[in-house]
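As a plain string of letters, each chain reads:
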Amino acid sequence: MSRIHDVIHRYDACRAVLRHGVDIFAVGDPAGARLNAAVRRALYQADEDNRDVWADLIQAANSARWRRMTQPQPTAYNPALSEAINGVLREAKLLRGFVGDDSLVGEIADAAAAVGDTDSPVGAELLRSVKEVGPKACVVIASTGSARAGVRGWLDQFGVRVVVPSDLDNLPADVEQSYAIGPPAFFSTSLVTAPATQAI
């Protein structure tokens, strides 16, 4: 496809997105929400206690939170999430007895374990939507290369393309729908203002 045809395709996609809007799927994740709440409580507690004491546990928990949000594949296909959860459990074990609120350390560890014991409901919703549209007619956009690698390991078996935003210029013309995985803040506005597909 020539550069002119690519620009025309982008304008057509933009017109379609303006006409139909962008769909945002908000999918509840009770296990992920529980971990988020525990980490927020720890951040508040860390202001009162010594922040350095909590730093390693909070960093490990944040790693698990981000992986849960950006890599919603089933836990069996997500070794990075399992590794992050093991990191949370390891840091929680080391921190017990060193802070004023051991129950909060336990809450973070229990919430992380619950995340590891459940599949992300976002993944199930994504797969349902992809199958509804048809795997060849859509693309899944991951926020980073590592997220793409993780999600691709799961979605390859269904014939779904997984890309990062910089790959969108190379999509075939028959791709109609794109799914961005993660919070909108993780993606550039150009994903919507200069879309590569007619539906997002």
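From a predicted model like this one, the values you see are computed outputs, not experimental measurements. (Residues numbered from 1 in each chain as written. Predicted model: local features only at pLDDT ≥ 70, side-chain atom pairs only at ≥ 80, totals over all residues. Heavy atoms only, no water.)

This paragraph deals with the packing of helix 3 (residues 51–70) against helix 5 (residues 102–117). Running from N to C, helix 3 and helix 5 point in directions that differ by 25°, and their axes come no closer than 11 Å. Classified by the angle their axes make, helix 3 and helix 5 are roughly parallel. Read as a crossing pair, helix 3 and helix 5 show a hand that is left-handed. Residues Trp 54, Leu 57, Ala 61 and Arg 68 of helix 3 lie in contact with helix 5, whose contacting residues are Leu 104, Val 105, Ile 108 and Val 115. A breakdown of the residues in the contact of helix 3 with helix 5 according to their chemical character gives seven nonpolar, no polar and one charged. (Axes fitted to C-alpha atoms, helices over the stretch in contact; angles between N-to-C directions. Helix = DSSP H or I, 4+ residues; strand = E, 2+ residues; numbered from the N terminus. Parallel < 35°, antiparallel > 145°, perpendicular 65-115°, else oblique. Left-handed = near helix turned anticlockwise from the far one by under 90°. Contact = heavy atoms within 4.5 Å. Nonpolar A, V, L, I, M, F, W, Y, C, P; charged D, E, K, R; others polar.)

Applying the stated rule across the entire model yields two aromatic pairs. Look at Trp 154 and Phe 158: their rings are 6.5 Å apart centre to centre, the planes differ by 85°, and that puts the pair in the edge-to-face class. The exposure class assigned to Trp 154 is buried, which follows from its relative accessible area of 4%. Since its relative accessible area comes to 27%, Phe 158 is described here as partly exposed. (Phe/Tyr/Trp six-rings, centres within 6.5 Å; stacked < 30°, edge-to-face > 60°. Buried < 20%, exposed > 50% of the residue type's maximum accessible area, 1.4 Å probe, protein only.)

Pairing is parallel across the open sheet formed by three strands, whose spatial order is 2-1-3. The open sheet has two edge strands with one neighbour each: strand 2 (161–163) and strand 3 (177–180). Within this sheet the neighbouring strands show an average axis-to-axis angle of 25°, counted without direction. Contacts from helix 6 (residues 121–133) reach strand 1 (138–141) and strand 3, with the element oriented near 175° to strand 3. In this fold helix 7 (residues 145–155) packs onto strand 1 and strand 2, with an angle of close to 175° to the strand it touches most, strand 2. (Pairing = 2+ DSSP bridges.)

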